[in-house]
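Examining the three-dimensional arrangement
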Amino acid sequence: METIFFTIVAAVTVLSGIMVVTCRNPINSALSLILTFFCIATLYVTLDAPFMAAVQVLVYAGAIMVLIVFVIMLLNIRSEVGRRYTHAGIIGTVVGFLMLVLTFNFLNNSSLTGAKGLITTDVINKIGHTELIARSMFTDFLLPFEITSILLLVAIIGAVILSKKKI
Amino acid sequence: MLSLHSYLILSAILFSIGAIGVLIRRNAIVIFMCVELMLNSVNLTFIAFSKYLGNMDGQIFVFFVMTVAAAEAAVGLALMIAFYKNRESIDVEDLNLMKW
Amino acid sequence: MDMLQFPANIAAAAGVNFAAIMPEVILSVIAMALLLVNVFINSEQKAYLGYLSLIGIVVTFFSVVSGWGAPQSGFNNSVLQDNFSLFFKGTFLVSAFLTILITDQYLKREECNWGEIYPLILFATVGMMLMASGTDLMTIFLGLEVLSVSLYVLAGFNRANLKSNEAGLKYFLLGAFSTGFLLYGMALIYGSTGTTRVAAIASYISQNGMVLSNPMLVAGMLLMAVGFSFKIAAAPFHMWTPDVYEGAPTPMTAFMSVGPKAAGFAAFLRVFIVALPAMKADWSELLWVLAVLTMTVGNITALKQTNIKRMLAYSSIAHAGYVLVGFTAGNAVGTAGVLFYMLSYAFMNIGAFAIIVLVGRKGEENNNVSDYAGFGFKHPVLGMCMSIFLFSLAGIPPAAGFIGKFYLFSGAIQAGYVWLAIIGVLNSAASVYYYLRVMVFMYMKDPTEEFDWLAVSPSLALCLLLSVAGVLIPGIVPGTLLDLAQKAILM
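Reading the values: the criteria
- Residues numbered from 1 in each chain as written.
- Chains lettered and ligands numbered in written order.
- Predicted model: local features only at pLDDT ≥ 70, side-chain atom pairs only at ≥ 80, totals over all residues.
- Helix = DSSP H or I, 4+ residues; strand = E, 2+ residues; numbered from the N terminus.
- Rg over C-alpha atoms; globule rule 2.2 N^0.38 Å.
- Buried ≥ 20, exposed ≤ 12 C-beta atoms within 10 Å, placed from the backbone.
- Contact = placed C-beta atoms within 7 Å.
- Nonpolar A, V, L, I, M, F, W, Y, C, P; charged D, E, K, R; others polar.
- Domains from an automatic or database assignment.
- Axes fitted to C-alpha atoms, helices over the stretch in contact; angles between N-to-C directions.
- Parallel < 35°, antiparallel > 145°, perpendicular 65-115°, else oblique.
- Left-handed = near helix turned anticlockwise from the far one by under 90°.
- Core = buried A, V, L, I, M, F, W, Y, C linked by C-beta atoms within 7 Å.
- Expected span 1.5 Å × (residues − 1).
- Arc of directions from axis to C-beta.

Below, the discussion takes up the overall build of chain C. In terms of regular secondary structure, chain C is built from 20 helices and 2 strands. By the compact-globule yardstick of 23 Å for 491 residues, chain C fits well, its C-alpha radius of gyration being 22 Å. Oriented by its inertia axes, the alpha-carbon framework of chain C measures out at about 75 × 60 × 40 Å. By residue count, 64% of the 491 residues in chain C fall in the buried class. Counted over contacts in chain C with a minimum sequence separation of 6, partners at least 24 positions apart contribute 79%.

Now the structure itself:
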């Protein structure tokens, strides 16, 4: 049952991923990408990470994609009437397939060798996923958390500088 | 329980699709969307590892990758708007002022 | 860290240690203060922001110097302020200092004199410092992103200039693409070892030998190498970097060619020498190939460039190749050479770009090598400065560039990579051609223009003075700096 569910969701993810790459109209690419994000959020739920699934939908599908769709509408980008692909298209596809084959090889022969931790599904259900993330983030990873504040400040400054009409 | 391999293979496929998209598309916004696809496949890898290793580190990393993606989206789209204002196009084939 | 219990004292559980991140904190606070000051001054007074940022950099430099010799680990091993990171932090501060000195004149000329450039440069420096002292893959990644996002904006800063727009967009697309590879590598290494702390990765691999035979670890290492190679612009991943260097505002090109490259090398060294020493045989071979490709591609394409900014861009690719030679060696001499070379490269490269800022005209005109005809006669002092920088870049004694290359190549020979050193020396000899071609134009051709618009502002003069000192002093008496570099390596 689980396998069937995973296969369906995975197939939809891959198909919408391919649609992102091949659609003529950028809006169709954007909508396929939103579908991909939702499918990946579903996969997060099956991986016992419900909080991350919620954040994925909020941040990626809710904020980033809205921004992208805004920009597409603002710049009035039409369907590509000419060629969609660059002149290096064939090389790019070949390189991509090579990468896929190599990664397949690597991953098929791999095994999970990492240090096993203590957080099992029962623990997640008992303590609560959000609380576990909070415990980890604000003790082990406090500094990266603070660095993201600087990152967001830089992004704000940059966005304003580059697009404000009259500075 | 579903094996880890399925998730890893799925993310490898998504990563390659995204990488191919970056290399072959001409529209800068679509290229950026393919980069987001690559980052999402990495997120899936992290969370899959996090589940099967019984660790929280992977999920925290995903948190930060999402933040980075949001920040990059803001700046990248601002750059594209600035480019468009001057050149009326966001085709990467039009990035041709500087060549060999 | 036991996640199953709620921590009793969160601050203690988080391992807060401000001494480990003091330089970054000081510089961030100063940058944020500059943002506030920027609101209250009018557009004529933006130079004051420059002076304030210079003072801020000097204060941070004192903090860096005072931390020497006393390693501080903080935030549960997320950052480590050891001599290695302090040396690199000093390099970043030097490059930021020199860049800010030449920014004001350029911005006034190009009429994009917006005060936000100074906080952006400072935030980029903060990102670089975090990359150098990060001992967790997450800290390194976030430092890299702070740096990259600042640079995307700085490359496209001159909004009215078409080339700057193009440079910003190209840098953004390339940078985002490479971040994907770097992250995938980090994910695979996390999967192989179960942790993202650099020291813990190394100890886990040494305790469980079977991890080494896990293909996922090798794939992770390869992908991280690819991601870092994009950042340091090693061939064959240097695709759009010369375009970015040519189109970005000249002071930003100076900054980009020095600081982020050094930061990329710092992170590269930290991850590969501290986390993955067990795979040294593998990554040495990989770096061998990268070094040869980078040097050769950089030098050969620089030979036929007519735009001086583009020529220096390809030359910086070649210099990254020389540094990769030292990295491939992986011994004490080679790594000390890497540190020494990155600092001296900061001086010589920003000095050369200072002259380019001076000679250039509005709209990025006057940037061809042929526009330097007769420069040496009209302005002898400036011509001599440029010659010193060119000599150093070419690796001719007694400049710092020669000492640096000497150290890098002898490190390679000591580690047994004789052919690599030979290729390096040949490449260095070939590069003399395009550096001396500029000198030929400066001294042996008749001037095609009067150079009467040249006005050397005091800050640019200070930058030239510091760069000449930074190039000549380590070249003539390299002992002190070499000593510092040797005390700063990771082994």
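Scanning chain A from N- to C-terminus turns up 7 helices and 0 strands. Listing the helices and strands of chain A from first to last along the sequence gives α-α-α-α-α-α-α. Taken over C-alpha atoms, the radius of gyration comes to 20 Å for chain A, far larger than the 15 Å a tight globule of 167 residues would show. Per-residue burial for chain A yields a buried fraction of 35% across its 167 residues. For chain A, the share of sequence-separated contacts (at least 6 apart) that also reach a separation of at least 24 residues comes to 51%.

Across the boundary between the two partners, chain A contributes 70 residues, which contact 59 residues of chain B. Residue assignment for the side of chain A that touches chain B shows that the elements contributing at least two residues are helix H1 (2-22), helix H2 (26-46), helix H3 (50-74), helix H4 (89-108), helix H6 (129-139) and helix H7 (142-163) of chain A. Its residues assigned to classes, the side of chain A that touches chain B shows 47 nonpolar, 18 polar and 5 charged.

What follows concerns unusual backbone geometry. Note that the residue after C:Ala235, namely C:Pro236, is joined by a cis bond; omega there is 0°. With respect to the helices and strands, the residue C:Pro236 is situated in the loop between helix H9 (215-231) and helix H10 (241-247). Cis geometry is found at the peptide bond from C:Pro397 to C:Pro398, where omega equals 0°. If you trace the backbone, C:Pro398 turns up in the loop between helix H16 (380-394) and helix H17 (400-414). Located in the positive-phi region is A:Asp48, a residue other than glycine, with phi close to 60°.

With that out of the way, let us pick up the domain arrangement of chain A. Residue and element names in this part refer to chain A. According to the domain assignment, chain A consists of domain 1 (1-80) and domain 2 (119-167). Averaged C-alpha coordinates put domain 1 and domain 2 at centres separated by 21 Å. Contact residues are listed per partner, giving 4 residues for domain 1 and 5 residues for domain 2. For the side of domain 1 that touches domain 2, a count of residues per class yields 3 nonpolar, no polar and 1 charged.

Axis separation between H3(A) and helix H3 (residues 57-87) of chain B bottoms out at 10 Å; the angle between their running directions is 5°. In terms of orientation, H3(A) and H3(B) fall into the roughly parallel class. When H3(A) is examined against H3(B), the residues A:Met52, A:Val55, A:Val59, A:Tyr60, A:Ala63, A:Ile64, A:Leu67, A:Ile68 and A:Val71 are found in contact with a partner set consisting of B:Gln59, B:Val62, B:Met66, B:Ala69, B:Ala70, B:Ala73, B:Leu77, B:Met80 and B:Ile81.

All names here are of chain C. With their axes 10 Å apart at the nearest point, helix H4 (residues 83-110) and helix H5 (residues 117-133) run at an angle of 165° to one another. As judged from the angle between their axes, H4 and H5 are roughly antiparallel. Relative to H5, H4 is oriented so that their crossing is right-handed. The residues of H5 that touch H4, namely those facing Ser85, Phe88, Lys89, Phe92, Leu93, Ala96, Thr99, Ile100, Thr103 and Leu107, are Ile117, Tyr118, Ile121, Leu122, Thr125, Met128, Met129, Ala132 and Ser133. For the contact of H4 with H5, the per-class residue count stands at 13 nonpolar, 5 polar and 1 charged.

Each partner contributes to the interface: chain A provides 35 residues, whereas chain C provides 45 residues. When grouped by side-chain class, the residues that make up the side of chain A that touches chain C number 22 nonpolar, 11 polar and 2 charged.

The subject of this paragraph is the nonpolar core. Formed by 285 residues in total, the largest nonpolar core has its most connected members in B:Ile29, B:Val75 and C:Val146. A per-element tally of this core places helix H14 (residues 332-359) of chain C first, with 21 residues. Counting residues domain by domain, this core receives three or more from each of domain 1 (1-80) and domain 2 (119-167) of chain A.

Residues and elements named next belong to chain C. With 19 residues, helix H19 (residues 458-476) ought to run about 27 Å at 1.5 Å a step, and its terminal C-alpha atoms sit 27 Å apart, in line with that. Residues of H19 that are buried: Leu460, Cys463, Leu464, Ser467, Gly470, Val471, Pro474 and Gly475. Across the axial projection of H19, the buried residues extend over an arc of 135°, all falling on one side. Set apart from the buried face of H19 by more than 90 degrees, the exposed residues are Pro458, Ala469 and Ile476.

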